[in-house]
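One letter stands for each residue in the lines below.
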Amino acid sequence: MSVSVVYWSGTGNTQVMAEAVAEGIRLAGAEANVLEVADADAAALASEDAFALGCPSMGAEQLEETEMEPFVETLEPLVSGKKILLFGSYGWGDGEWMRDWADRMKNAGAVLVRAEGVIANEAPDNEALEECRAAGKDLAAGA
């Protein structure tokens, strides 16, 4: 079984989180397929029972606009019943972008592994990376 981890990262922080999620998926005995959003296909991703999406907070606490937001818009009508983990880093604010994203996916029918996603302020510390690994394990366990 393979679980995809699709992310967008500007500074590398969200990429580090994606690798930690993938590590957790592998620790649970599944295969992890880590992809930058530009290399991902929404329809193919929607054929999986479980997957992870990562994006940092951008601008006024929103998803990255040129690649991640259009991908999420395409994916949104396809997520009903899917088990999803959301993650990302932020530089300021209080994580509103993640709460909004989580609400959006829940309203589309997705089942979230972490109700408000996994977030890290700036570069993820050991605690944030452990949470990513644990969430990856939980994601793979239910896939």
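You'll find the structure just up there.
Residues numbered from 1 in each chain as written. Predicted model: local features only at pLDDT ≥ 70, side-chain atom pairs only at ≥ 80, totals over all residues. Heavy atoms only, no water.

Digging into the overall build of the protein
Put simply, the rule reads: Here a helix means four or more residues in a row that DSSP labels H or I, a strand means two or more in a row labelled E, and each is numbered from the N terminus. Our radius of gyration looks at C-alpha atoms and nothing else; its globule reference is 2.2 Å times the residue count to the power 0.38. Working definition: with a 1.4 Å probe on protein chains only, accessible area under 20% of the residue-type maximum means buried, over 50% means exposed, and in between means partly exposed. Contacts are assigned to residue pairs with any non-hydrogen atoms lying within 4.5 Å of each other. We get accessible surface area from the Shrake-Rupley algorithm with a probe of 1.4 Å; when it comes to residues, only the shown protein chains can shield them.
In terms of helices and strands, the protein carries five helices and six strands. Secondary structure of the protein in N-to-C order comes out as β-α-β-α-β-α-β-α-β-β-α. For the protein, the C-alpha radius of gyration of 13 Å lies close to 15 Å, the compact-globule estimate for 143 residues. C-alpha extents for the protein along the principal axes are approximately 35 × 35 × 25 Å. By the burial criterion, 49% of the 143 residues in the protein qualify as buried. Taking all contacts inside the protein whose residues are at least 6 apart in sequence as the whole, residues at least 24 apart take part in 77%. A total of about 6,400 Å² of accessible surface is found on the protein, and carbon and sulfur atoms cover 44% of it.

Digging into the packing of aromatic side chains
Heads up, the rule is: The criterion for an aromatic pair is that two Phe, Tyr or Trp rings (for Trp, the six-membered ring) have centres within 6.5 Å, with stacked assigned to planes under 30 degrees apart, edge-to-face to planes over 60 apart and tilted to the rest.
Taken as a whole, this structure holds one aromatic pair when the rule is applied. For the ring pair Tyr90 and Trp97, a centre distance of 5.8 Å and an interplane angle of 45 degrees mean the geometry is tilted. Like Tyr90, the residue Trp97 is buried in the burial classification.

Remarks on helix α1 (residues 13–27)
Convention followed: Take the number of residues in a helix, subtract one, and multiply by 1.5 Å to get its expected span.
Over its 15 residues, α1 runs 21 Å from end to end, which matches the ideal 21 Å to within 8%, given 1.5 Å per residue. Those residues of α1 not exposed but buried are Asn13, Thr14, Met17, Ala18, Ala20, Val21, Ala22, Gly24 and Ile25. Lining the buried residues of α1 we find β1 (2–7), β2 (31–36), β3 (50–54), β4 (83–90), β6 (118–121) and α5 (126–141). One or two steps after α1, the chain reaches Gly29, where phi turns positive at roughly 95 degrees.

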